[in-house]
Structures are given as structure tokens and as C-alpha cells.
Amino acid sequence: ILVIGNLILQFALLILNWVTSEGFISWQYTKNPIVDIGWTLTRDLSNMFLVIVLVLIGLGTALKLNEYEVKKTLPKLIGIALLINFTPVILGLIVDASNIMMNFFLEKMSGFDAMGRTLEAQYSIISQTLISGNIILGIVPALFQTILIFIFDIIAAFVIGLFTALFVIRYVAIWMLVILSPFAFVSSLLPATKGFFRFWWGNFINWSIIGVIAAFFLYLGNHILFNSSKIINPNAMPAMTGFSPSFTAFTQSLMPLGIAL
């Protein structure tokens, strides 16, 4: 049972370690074949939309609509017309800054070695429990401990799988947001379409920063496991009849894993 749980968790760790490595995807976030094709199309459509906006500015000025006056809207239109041709560069700077911070935490994790040490310690805990008692006093607690550790391993594998999916989806989400960036910038010109720009900008910032946040909590959880022996104080555990020293060792091993999760 313990071997199955450990294999599942080790496989999840292997995939996460692969996904967070530099060589996972060779394509850049803001310049790759998919982004180039999609962004070129949206840029051309946005340039066509700028002509429509220019007509609306003319009509708004003729009808004396304050929100569409030339003095207010035309300078912004010229600026947006220039910016949409450089959106991959501008967005690339933001993504690169967030990736530097994200890699700062990921590089300090040493390939999730702390979780590997925790897995190795699980076998010794079960062995100590078996050695400490006879057939009944040894096997029954060991089986109970094994089932609990197995449940923790499955939960840990699920959580790590969520982090893995997050890092993969982050790639795709940023690609799609870069492709839609010309539309977003042009939509900021008109009051009726500014909501789409705010929605797009908020999502772009969130998907850029979420990698930093995820890497930080992975680093924090890994650091907790590295110091697992110092977290739980065995002397603070109240003396209870029927609990063996192996139970204390089991608690010391399992609790930090729960805290890290």
C-alpha cells in the first residue's frame, strides 16, 4: 500500500519538476508560431477597427458628444495605433519580470528533495512500529499508519497535480491574452468597450503573477518539509496510556506534511 502511494506521489513530483524546468516548453510566452499567427490576424483586424473608431470620432464631434470629441479621443487613437504594433514587446517585459521572480523561488527548491526525504522516512516509521511490538501490537498500528500515510500521499499528489496544471495553463492563457492584446488596446478607446480592456488587463496581470505566487508557496511547503523534524515538539505531547514511542515518531513525520499541504 505504501509503495503504491509513494509511486503516485513521486510521479506527480516528477511531472511538476519537469513542468517547472526551463526546458519544458522551448517556445516563448509572447513570440512563437501560434502567437505570431494569431497576433498578426488580430493586429490587422484592430487596424481596421481603428478606421471605424476614427469615423465615430468624426460623428461624435459633429454631434457635439463630449465623450467622442477629437481633442479627447484622437491623441489616444494615435497612441494606440502605435502601441498595438509593439504589444508583444510590452507584454513580454511584464511576463519576463514575473518569470524572474518565479524562477527565484523554483531554483531554491533543489528539485523537491524535501518531499523525497519525507517519502524515505515513511518506510522507517512503519518498520519501527513493526519492530516495537509483537504480531498484534506491531501489525495493527503499522497498518493504521500505512493507510493514513497512503491517504496523505494521494492528497499530496492531487495538490501537486493542481500546481502542475496551473503552470501548464499559465503558458496557454498568456499566449491567448497576447493574441487578443490588439483588440484589448483598441477597445480602451471607446467608453462602451473599455470594460473589455479592463477585463483583459486584469486577467493578463493575474496570469503573470500567479506563477510567482504558486512558486512561492511551493518553496514555502518544501522549506517546511526540510525543517519537519523541528516543527513538532515531541516533549509537548501529553503522556497518554497506550501510545508507543513509534506513535510520536509517526506524528512528527505526518504533521509537517499536512502543514505543508
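Use the structure listed above.
What counts, and at which threshold
Residues numbered from 1 in each chain as written. Predicted model: local features only at pLDDT ≥ 70, side-chain atom pairs only at ≥ 80, totals over all residues. Heavy atoms only, no water. 1 Å grid on protein atoms, 1.4 Å probe; cavity = no way out; pocket = protein on both sides within 12 Å on 5 of 7 lines; lining within 4 Å. Points joined across faces, edges and corners; volume = space filled by probe spheres on them. Helix = DSSP H or I, 4+ residues; strand = E, 2+ residues; numbered from the N terminus. Nonpolar A, V, L, I, M, F, W, Y, C, P; charged D, E, K, R; others polar. Expected span 1.5 Å × (residues − 1). Buried < 20%, exposed > 50% of the residue type's maximum accessible area, 1.4 Å probe, protein only. Arc of directions from axis to C-beta. Polar contact = N/O pair within 3.5 Å; in protein donor to acceptor, adjacent residues only side chain to side chain. Contact = heavy atoms within 4.5 Å. Salt bridge = Lys/Arg side-chain N within 4 Å of Asp/Glu carboxyl O. Phe/Tyr/Trp six-rings, centres within 6.5 Å; stacked < 30°, edge-to-face > 60°.

K.L.:
Summarise the layout of surface pockets; cite the residues concerned and give the values.
P.N.:
Of the volumes computed, that of the largest pocket is approximately 370 Å³. Within the residue set of the lining of the largest pocket, elements represented by two or more residues are helix H4 (87-106) and helix H6 (135-179). At 10 residues, H4 tops the list of elements feeding residues into the lining of the largest pocket. Residues of the lining of the largest pocket, tallied by class, amount to 12 nonpolar, 8 polar and 3 charged.

K.L.:
Can you lay out H4 for me, pointing to particular residues and giving the numbers?
P.N.:
With 20 residues, H4 should reach 28 Å at 1.5 Å per residue; the first-to-last C-alpha distance of 28 Å fits that figure. Of the residues making up H4, those classed as buried are Thr-87, Pro-88, Leu-91, Gly-92, Val-95, Ser-98, Asn-99, Met-102, Phe-105 and Leu-106. Relative to the axis of H4, the buried residues are bounded by an arc of 140 degrees and lie together on one face. What points out from H4, more than 90 degrees from its buried face, is the exposed set Val-89, Leu-93 and Ile-100.

K.L.:
An account of the side chain of Ser-46 is needed here, citing residue identities and associated values.
P.N.:
The topology assignment puts Ser-46 in helix H2 (residues 33-62). Classification of Ser-46 by relative accessible area gives buried; the value is 1%. Polar contacts involving the side chain of Ser-46 include one to the main-chain carbonyl oxygen of Thr-42, which spans 2.7 Å. Polar side-chain contacts of Ser-46 include one of 3.4 Å to the backbone oxygen of Pro-182. If sequence neighbours within four positions are ignored, Ser-46 has contacts with Ile-84, Pro-182, Phe-183 and Val-186.

K.L.:
How would you summarise the pattern of salt bridges if you had to cite specific residues and measurements?
P.N.:
Pairs may arise between side chains of opposite charge once their charged atoms sit close together. Here the structure, examined in full by the defined rule, presents 2 salt bridges. With a closest N to O distance of 4.0 Å, Lys-31 and Asp-36 form a salt bridge. The exposure class assigned to Lys-31 is exposed, which follows from its relative accessible area of 54%. For Asp-36, a relative accessible area of 31% puts it in the partly exposed group.

K.L.:
Which residues make up the packing of aromatic side chains, and what values do they have?
P.N.:
This model, assessed by the stated rule, comprises 16 aromatic pairs. Taken together, a centroid distance of 5.3 Å and an interplanar angle of 75 degrees make the contact between Phe-104 and Phe-105 edge-to-face. An angle of 10 degrees between the planes, with centres 5.7 Å apart, marks the rings of Trp-200 and Phe-204 as stacked. Here the residue Trp-200 and the residue Phe-204 both occupy positions in helix H8 (residues 194-226), the gap between them amounting to 4 residues, near one helical turn. Both residues of the pair, Trp-200 and Phe-204, count as buried. Among the aromatic residues, those joined into a cluster by ring pairs are Trp-18, Phe-24, Trp-27, Tyr-29, Tyr-171 and Trp-175.

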